[in-house]
Protein chains: 2
Amino acid sequence: MDPQDAHTWEPIGVVRSAYGSRREAPKQGPEAGGQAVIELREQWAPALKGLEPGRYLWVLTYFHQADRPRQEVHPRGDPSRPLTGLFNSRAPSRPNPIGLTLVKLAAIAGNKLTVRGLEALDGTPVLDLKPYVPGIDEPRD
Amino acid sequence: MDPQDAHTWEPIGVVRSAYGSRREAPKQGPEAGGQAVIELREQWAPALKGLEPGRYLWVLTYFHQADRPRQEVHPRGDPSRPLTGLFNSRAPSRPNPIGLTLVKLAAIAGNKLTVRGLEALDGTPVLDLKPYVPGIDEPRD
C-alpha cells in the first residue's frame, strides 16, 4: 500500500449521549460525569466477548462535526491561551479527526455498552474499541 | 453526516523503523526497546510546535499489513491462550485497523520525530499524534 493514498473506513457503531451540539459537550471526558451508550452494529456483538463491567476501554470516535484542520490551535479552544501546534493538542480539528477517550465500562448487554467518561456528541460514529492495558498505556522511564 | 457512511482518511506521515516484516515486529511497544522515526509530511511540520523531547505522545497508525477482521482472537496471537473478543484485544485484525501506541519523544527536528516504544513496521502510515494528558488518559474511580 502506498502510504500517500487516501483510504476508507466505516463505523462499527454510534454513540448515544445527552450532548446534541458542540456547545453542550464538555471539552474532555472527565468533565462529562454522566453516561453514554455505545451501540455497536449487531454484527460486531460477538467481538465484545470477555469485556465486563468495571473494565477500562479506549473508545476511538470520528469527530463528525469537527472544523477543517489547522496547524495551530488555542488549548481547549480558549483564545486567552497562546497558540500551540495541533499535534500538541487534543483539539478535534485534525487531518484525521479521530477522538481518543478512556472510559469505564458500566454495563454491557448484547451490542450495547454503557460507559462513563465519554464526551462525544449524540450520533458520533465509533471506529474502534480497545482494552486499556496497564504498562503499555502508561508513561515509563 | 450519516454514521453508516464510509469515510476517507489520509496519512500525515510514515514510520521509519527496523522492522521490515510482521515476523520481526514485537507484539507491543515496551518490548521494542529501540527507536523509530516518524516522518511527517512537510506540510504538517508547523503543527508540531510546542512538542519537546521527553514528552509522551499517542501515535495512531494504520495496520497496513493486518489480516481481515475477526470476531475473536487468541491474545497476543498465541494459540495456547483461549479465544477472546476482538474488542477485548489489541490485535491488528480490526474492522478499522488503527494502532494506538504510547511513545516517548526522544528528539525532534523539522518534520522528523525520533520516538521510543513504537512497534510499527517500516512504512506504516501515521494517522495522528496526540499529547498524553495525565488525568484523562489514566483510569480513575
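Residues numbered from 1 in each chain as written. Chains lettered and ligands numbered in written order. Predicted model: local features only at pLDDT ≥ 70, side-chain atom pairs only at ≥ 80, totals over all residues.

### With respect to the relation of the copies chain A and chain B
At an RMSD of 0.1 Å, chain A and chain B line up after a rotation of 180° and a shift of 0.0 Å along the axis. Look at the turn and shift together and you get a two-fold axis relating the two. Judged by C-alpha distance, Thr8(A) is the residue of chain A that lies nearest the rotation axis, at 1.9 Å. Of all interface residues in chain A, 98% are interface residues in chain B too; the two copies therefore contact each other through one and the same surface. (Least-squares fit on C-alpha atoms with pLDDT ≥ 70 in both. Contact = placed C-beta atoms within 7 Å.)

### Some details on the sheet that holds strand β7 (residues 98-109) of chain A
Each strand in a sheet pairs with another by means of backbone hydrogen bonds, the pair being arranged parallel or else antiparallel. Residues and elements named next belong to chain A. Reading around the barrel, the 6 strands line up as β2-β3-β8-β7-β4-β9 and close back on themselves, with antiparallel pairing between neighbours. Mean inter-strand twist for the sheet, computed between neighbouring axes without regard to direction, equals 45°. Taken together, the 7 bridges between strand β4 (residues 56-62) and β7 define a ladder with antiparallel strand orientation. Bridging across to β7, tyrosine 56 finds its partner in lysine 104. (Pairing = 2+ DSSP bridges. Helix = DSSP H or I, 4+ residues; strand = E, 2+ residues; numbered from the N terminus. Axes fitted to C-alpha atoms, helices over the stretch in contact; angles between N-to-C directions.)

### Structural notes on the interface of chain A and chain B
Tallying the contact residues gives 52 residues for chain A and 51 residues for chain B. Within the residue set of the side of chain A that touches chain B, elements represented by two or more residues are β1 (7-9), β4, β6 (84-85), β7 and β9 (125-131) of chain A. Examining the composition of the side of chain A that touches chain B, we find that 6 residues originate from one element, β9(A), more than from any other. For the side of chain A that touches chain B, a count of residues per class yields 30 nonpolar, 14 polar and 8 charged. Both β1(A) and strand β1 (residues 7-9) of chain B contribute to a ladder of 3 bridges, which runs antiparallel. (Nonpolar A, V, L, I, M, F, W, Y, C, P; charged D, E, K, R; others polar.)

### Thoughts on the nonpolar core
Formed by 60 residues in total, the largest nonpolar core has its most connected members in Ile38(A), Val59(A), Leu127(A), Ile38(B), Val59(B) and Leu127(B). The residues touching Leu127(B), leaving out its near neighbours within four places in the chain, are Asn96(A), Ile98(A), Trp9(B), Pro11(B), Ile12(B), Leu60(B), Thr61(B), Tyr62(B) and Ile98(B). (Core = buried A, V, L, I, M, F, W, Y, C linked by C-beta atoms within 7 Å. Buried ≥ 20, exposed ≤ 12 C-beta atoms within 10 Å, placed from the backbone.)

### Observations regarding the pairing of strand β2 (residues 13-16) of chain A
As judged from the 4 bridges shared by β2(A) and strand β3 (residues 35-40) of chain A, these two strands associate in the antiparallel manner. By the bridge assignment for β3(A), Gly13(A) is matched with Leu40(A).

### So, the confidence of the model for chain A
On average, chain A scores 88 in pLDDT, and the residues at 70 or more come to 87%. Interface scoring of the predicted complex returns ipTM 0.89; its pTM is 0.90. (pLDDT = per-residue confidence, 0-100.)

### Observations concerning the pairing of strand β9 (residues 125-131) of chain B
Residues and elements named next belong to chain B. Here β9 lies mainly inside the structure; 6 of its 7 residues are buried. Pairing geometry for strand β2 (residues 13-16) and β9, over 2 bridges, is antiparallel. From the neighbouring strand, glycine 13 faces β9, where its bridge partner is valine 126. Bridge analysis of strand β4 (residues 56-62) against β9 gives 5 bridges, and the strand direction is antiparallel. Within β9, the position partnered with leucine 60 by the bridge is aspartate 128.

### A closer look at the environment of Trp44(A)
Residues and elements named next belong to chain A. Mapping tryptophan 44 onto the fold places it in the loop between β3 and β4. The class of tryptophan 44 is partly exposed, set by 19 C-beta atoms lying within 10 Å. Spatially, the C-alpha atoms of tryptophan 44 and alanine 106 are 19 Å apart, while their sequence positions differ by 62 residues.

### Description of unusual backbone geometry
Residue and element names in this part refer to chain A. Even without a glycine there, the phi angle at arginine 76 is positive, about 55°. With respect to the helices and strands, the residue arginine 76 is situated in the loop between β5 (72-73) and β6. With 11 C-beta atoms counted inside 10 Å, the residue arginine 76 sits in the exposed group.

### A closer look at the sheet that holds strand β3 (residues 35-40) of chain B
Residues and elements named next belong to chain B. Here 6 strands make up a closed barrel; going around it, the order is β2-β3-β8-β7-β4-β9 and the pairing antiparallel. Strand-to-strand twist across the sheet, computed as the mean angle between neighbouring axes with direction ignored, equals 45°. In the sheet, β3 pairs with strand β8 (residues 112-116) via 5 bridges, with the strands oriented antiparallel. Residue pairing across strands places isoleucine 38 opposite leucine 113, the latter belonging to β8.

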